[in-house]
Amino acid sequence: MTKKYLILSMLVTFLSACSGDNSSSNPGLPAEPAGIAITNVTVIDAVNGVREMQTVIFEGDEITAVQSADISISVVESIDGTGKFLIPGLWDFHIHLTSTDLLENSMMKLLLSYGVTSVRDTGADLDLLKPMVETAREEGTPGPRIFYAGPLLDGEYIVYDGSSLFRPPLGSANTIADMASATVANLKAEGVDFIKIYEMVSPEVFEALVDAANEEGLPIAAHVPLSTLASQSGPQVDSMEHLRNVLLDCTSNPMELLDSRLALLENPDGLSGSELRSSIHADQRTLALANYDDARCESTIAALSSTLQVPTLSLNSGILKPYFRDDWQDALNRLPEPARSLITGFGASRAAADDGTEIPNDDDTITFAERQLMLVKRMYDMGVPIAAGTDAPVPITIPGHNLHLELAALVHAGLSPLDAIGAATLRPAEFFSMEDEMGTIDVGKRSDMVLLDSDPLLDIENTRTISTVITKGIVLRSEDIELLIQESANPSI
């Protein structure tokens, strides 16, 4: 080859390399900028604890790097995290998206404005919910990820039967054990992520539903059926909702109370499902407080050691008194009418009835709400896993707002702030066996994160100091969050 052709050959090779993929054929050349970086930030999650001076890079719906802030980067965009704190996107692990049409066009925006990037819907009308799920799963759509169970699997007397505004049609009757397999198989065909067993089922139907869900590989959420004891039914499910029926097993006479419930469940007065359940709760709650037994409660909790508990403490407004909080009016202002006026009225009524007294210390005067707080503390100390859910939008809860109330209530009960954050991030991922995808800020995890102005480990209330929300890799800055708030309050704009 002549010198002339050698030079031409070298020139062609050089030009070809310049026009091709230089990241692979020429590793010495700088890579093209890719992804978005949050720089100089303190990263906090329930597995890794606190990592200071970090840069977190995400590209689309995947975190691609978590590294020291002094390592040079080449990205498309940077978000300055100096002095800020990055936590995983929050879950509301117990919510009902279709329980009212008063928030039909506001619910998802409300949740996202509060940093809630995933929800577990624990009972819904599938005809109403599935279009919401399809919209939420469209690529490029900001908003919470939805994991759902479909209808509440209730017994002969359905509690949520559509009979009133506060009893929407969320339940279905399940009275024949032999039908459980077909019921659960049909729900799986509808795309559900888990099933939810409700309070009025018989022990036989409960067992059959559990077997069917295990056969289909679906996780199980459940209230403790009133026809069973928590220590019997709890170990058979993956999560238990609320605490009121657990306390019925924390007494010196649990079998006597169970026999009484079984007699009441015969429904001799022909009550509706809602009336029947309410009458049983009213009767047995007083008896449970009067007959509380510490040793029995320890035994009951020990039986639940592997069952995720969702206490929904913020349902009891007396625990944190949201109507007296500085942020109550802001939360109300995010609601559309007529929901705003409705919840304002509920809050005013409860505030008027609240005498402002502190929690009594005398065991003889401990309220049911305070016993719940003590139960959560006992569970936490005994290693029972706990997740954060709200039951929103039942009155007087406000979607999103109550998730932060729940975190505060969990810390009030005795959880550390880090474990409270874990209750709204890691524990939900574990329920769905998605720890490799969600729940922490690590390489390969999904891009759901919340950037805070203040340290939530110093004060759990700081989870409200939201400056940026990342949902499915989509960045929502303060102005975007403000627009969400305006749109949730005025859905027509």
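Here the structure is shown first, and the text comes after it.
It should be emphasised that the depicted structure is a prediction, and the values quoted were computed from it without experimental measurement.

## A short note on helix H6 (residues 203–216)
- With 14 residues, H6 ought to run about 20 Å at 1.5 Å a step, and its terminal C-alpha atoms sit 20 Å apart, in line with that.
- Restricting attention to buried positions, one finds in H6 the residues Val205, Phe206, Ala208, Leu209, Val210, Ala212 and Ala213.
- On its buried side, H6 packs onto strand S9 (152–154), helix H5 (180–189), strand S11 (195–197), strand S12 (220–222) and helix H7 (230–233).
- Just past H6, the residue Gly217 takes up positive phi, approximately 75°.

## So, unusual backbone geometry
- Here Ala392 and Pro393 are connected by a cis peptide whose omega angle stands at 10°.
- As for its position among the elements, Pro393 is in the loop between helix H15 (368–381) and helix H16 (401–413).
- A cis amide bond, omega 5°, links Pro395 with the succeeding residue Ile396.
- Inspection of the secondary structure assignment puts Ile396 in the loop between H15 and H16.
- If you check the backbone angles, Thr312 has positive phi at about 50° while not being a glycine.
- Relative to the elements of secondary structure, Thr312 occurs in the loop between strand S14 (308–310) and helix H12 (317–320).
- For Lys321, which is not glycine, the phi dihedral falls at a positive 50°.

## Looking at the packing of aromatic side chains
- Going through the model one piece at a time under the given rule, you end up with 12 aromatic pairs.
- Centre to centre, the rings of Phe93 and Phe431 are 5.3 Å apart; their planes meet at 85°, and the pair counts as edge-to-face. Placement of the pair is Phe93 in strand S6 (residues 90–95) and Phe431 in helix H18 (residues 426–431), with a sequence separation of 338 residues. Comparing Phe93 with Phe431 shows no difference in burial state: the two are buried.
- Pairing Phe194 with Phe432 gives two aromatic rings, centres 5.8 Å apart and planes at 70°, and the pair type is edge-to-face. Linking Phe194 in the loop between H5 and S11 with Phe432 in the loop between H18 and strand S15 (449–452), this pair joins segments that are 238 residues apart in sequence. For the pair Phe194 and Phe432, a shared accessibility class is recorded, and that class is buried.
- Through a chain of ring-to-ring contacts, three or more aromatic side chains come together here, namely Trp91, Phe93, Phe147, Phe194, Phe431 and Phe432.
- Above the ring of Tyr160, the side-chain terminus of Arg167 is found at 4.8 Å from the ring centroid.
- The lysine or arginine in question, Arg371, covers the ring of Tyr292, its NZ or CZ lying 3.8 Å from the ring centre.

Rules behind the numbers
- Residues numbered from 1 in each chain as written.
- Predicted model: local features only at pLDDT ≥ 70, side-chain atom pairs only at ≥ 80, totals over all residues.
- Heavy atoms only, no water.
- Helix = DSSP H or I, 4+ residues; strand = E, 2+ residues; numbered from the N terminus.
- Expected span 1.5 Å × (residues − 1).
- Buried < 20%, exposed > 50% of the residue type's maximum accessible area, 1.4 Å probe, protein only.
- Contact = heavy atoms within 4.5 Å.
- Phe/Tyr/Trp six-rings, centres within 6.5 Å; stacked < 30°, edge-to-face > 60°.
- Lys NZ or Arg CZ within 6 Å of the ring centre and 35° of its normal.

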